[in-house]
Amino acid sequence: MTDRGAASDLGIHVYGFAAFALGAIQLVSGDFAFIWHPVQPGVPYRTALAYVVAACLIAAGIAVQFRTAARHGLAVLAVLFALAAFLWLPRVIGYPQIFGTWGGFNEQFILAVAAMIGYVSIEPPAAGRGARRAGRAYVILRTTFGVCVVILGCVHFSALEQTAAMVPAWIPPGQRFWAAATGAAMVLAGMSIISGVLSVLATRLFTTLMSVFAILVWFPRIHAEPLGHVAWAGTMITVAMAGAGWMVADAMHAAASARRGGTA
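Nothing here was measured: the structure is a model prediction, and the numbers come from that model.

1. Describing unusual backbone geometry
When glycine is set aside, most residues are seen to have a negative phi, and most peptide bonds are trans.
1) Next: Following Pro172, the chain continues into Pro173 via a peptide bond in cis, with omega recorded as 5°.
2) Next: Despite not being glycine, Tyr45 shows a phi value in the positive range, around 55°.
3) Next: Among the secondary structure elements, Tyr45 is positioned in the loop between α1 (10–29) and α2 (46–63).
4) Next: We classify Tyr45 as exposed; its relative accessible area is 71%.

2. Side note on the state of the cysteines
1) Next: Within this structure, the stated rule accounts for zero disulfides.
2) Next: Of all cysteine sulfurs in the structure, the one in Cys154 sits closest to Cys148, which takes part in no disulfide; the separation is 12 Å.
3) Next: Judged by relative accessible area, Cys154 falls into the partly exposed class, the value being 29%.

3. With respect to the layout of surface pockets
1) Next: In this structure, the largest pocket encloses a volume near 920 Å³.
2) Next: Lining the largest pocket are 33 residues; nearest its centre among them are Glu107, His156, Thr163, Met166 and Phe213.
3) Next: Looking at the lining of the largest pocket, the elements with two or more residues in it are α5 (99–121), α6 (128–158), α7 (160–166), α8 (175–195), α9 (199–224) and α10 (229–260).
4) Next: The element that contributes the greatest number of residues to the lining of the largest pocket is α9, accounting for eight residues.
5) Next: In terms of residue class, the lining of the largest pocket is built from 22 nonpolar, nine polar and two charged.

4. Description of the pattern of salt bridges
1) Next: All chains considered together, the criterion is met by three salt bridges.
2) Next: Between Glu161 and Arg176 there is a salt bridge, with its nearest N and O atoms 2.0 Å apart. With Glu161 in helix α7 and Arg176 in helix α8, the pair connects residues that are 15 residues apart, well separated along the chain.
3) Next: By relative accessible area, which is 45% here, Arg176 ends up partly exposed.
4) Next: Asp250 is the partner of Arg204 in a salt bridge, and the nearest nitrogen-oxygen pair spans 3.2 Å. With a gap of 46 residues between them, Arg204 in helix α9 and Asp250 in helix α10 connect regions that are remote in the sequence.
5) Next: Judged by relative accessible area, Asp250 falls into the buried class, the value being 8%.

5. Points about the packing of aromatic side chains
1) Next: Throughout the structure, instances matching the rule amount to six aromatic pairs.
2) Next: With a centroid separation of 5.0 Å and 80° between ring planes, the pair formed by Phe177 and Trp178 is classed as edge-to-face.
3) Next: Note on Trp178: relative accessible area 31%, which makes it partly exposed.
4) Next: In textbook terms, an aromatic cluster arises when at least three aromatic residues are bridged by ring pairs, as seen for Phe86, Phe105 and Phe109.
5) Next: One Lys or Arg, Arg221, reaches over the ring of Trp218 and ends 4.8 Å from the middle of that ring.

6. Regarding a nonpolar patch on the surface
1) Next: A surface patch of nonpolar side chains, amounting to about 500 Å² of accessible area, comprises Trp170, Val212, Ile215, Leu216 and Phe219.
2) Next: Here Val212 is to be found in helix α9.

7. Observations concerning the side chain of His156
1) Next: Looking at where His156 falls in the secondary structure, it is placed in helix α6.
2) Next: Overall, His156 belongs to the buried group, its relative accessible area being 9%.
3) Next: Discounting residues that sit within four places of it in the chain, His156 has contacts with Thr163, Ala179, Thr182, Gly183, Met186 and Phe213.

Rules behind the numbers
- Residues numbered from 1 in each chain as written.
- Predicted model: local features only at pLDDT ≥ 70, side-chain atom pairs only at ≥ 80, totals over all residues.
- Heavy atoms only, no water.
- Helix = DSSP H or I, 4+ residues; strand = E, 2+ residues; numbered from the N terminus.
- Buried < 20%, exposed > 50% of the residue type's maximum accessible area, 1.4 Å probe, protein only.
- Disulfide = S-S within 2.5 Å.
- 1 Å grid on protein atoms, 1.4 Å probe; cavity = no way out; pocket = protein on both sides within 12 Å on 5 of 7 lines; lining within 4 Å.
- Points joined across faces, edges and corners; volume = space filled by probe spheres on them.
- Nonpolar A, V, L, I, M, F, W, Y, C, P; charged D, E, K, R; others polar.
- Salt bridge = Lys/Arg side-chain N within 4 Å of Asp/Glu carboxyl O.
- Phe/Tyr/Trp six-rings, centres within 6.5 Å; stacked < 30°, edge-to-face > 60°.
- Lys NZ or Arg CZ within 6 Å of the ring centre and 35° of its normal.
- Patch = residues over 30% accessible without salt bridge, like charges linked within 9 Å, V, L, I, M, F, W, Y side chains within 5 Å.
- Areas by Shrake-Rupley, 256 points an atom, 1.4 Å probe, with all protein chains shown as cover.
- Contact = heavy atoms within 4.5 Å.

As structure tokens, then:
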């Protein structure tokens, strides 16, 4: 592995921007990104908690933009997105047969895993026991990221009609075709990431898919409902996933380059 100066920084900047935007959306609305962050109405001091989380997202999103503070920002975002993922666990445990609950969990957990990959990839130990621990952590996190991508792809098939309904009807050959095709692409990409075979290419494919989803699925919703909380939150979650994929691909590329150079 090597530090992220060996690769493009655009992914981490997009990821940080999306986190900042999510925080700004929460700050303006005074509420969580419901659907994605299912904090129940009965939680004590819920509104105050929403503002605190919003401030943390904004601060961490800004920190990620600066090399000297990026690791701190990524650590905060890893915790925040992991907590959001664990809010889905009661639904996953209560309704394991409903794959949509797994999808909700994974959309947040994959963002937490990406933050952790970014964290261990920035200025890792050059040698010794610390470098070996960082290398093992990277492999575990890469595998976990791949599993999340596979599950997200499977969600397309478990909820094919709902997924197809999100595809613009004007795109040939049809909505169900693209719902299934993108699901299959994500399953194959996730398997590639898990195996380590063409993992950089597969992760860039995932990034491309998330970018297309943001442009074709979510941006039109913002245009139709410019003040809609769900439209903005859904867009920024998708942009964050695109940035996460790019950031992870850069980390994989840097790790592969270090192995070829004999420094891993």
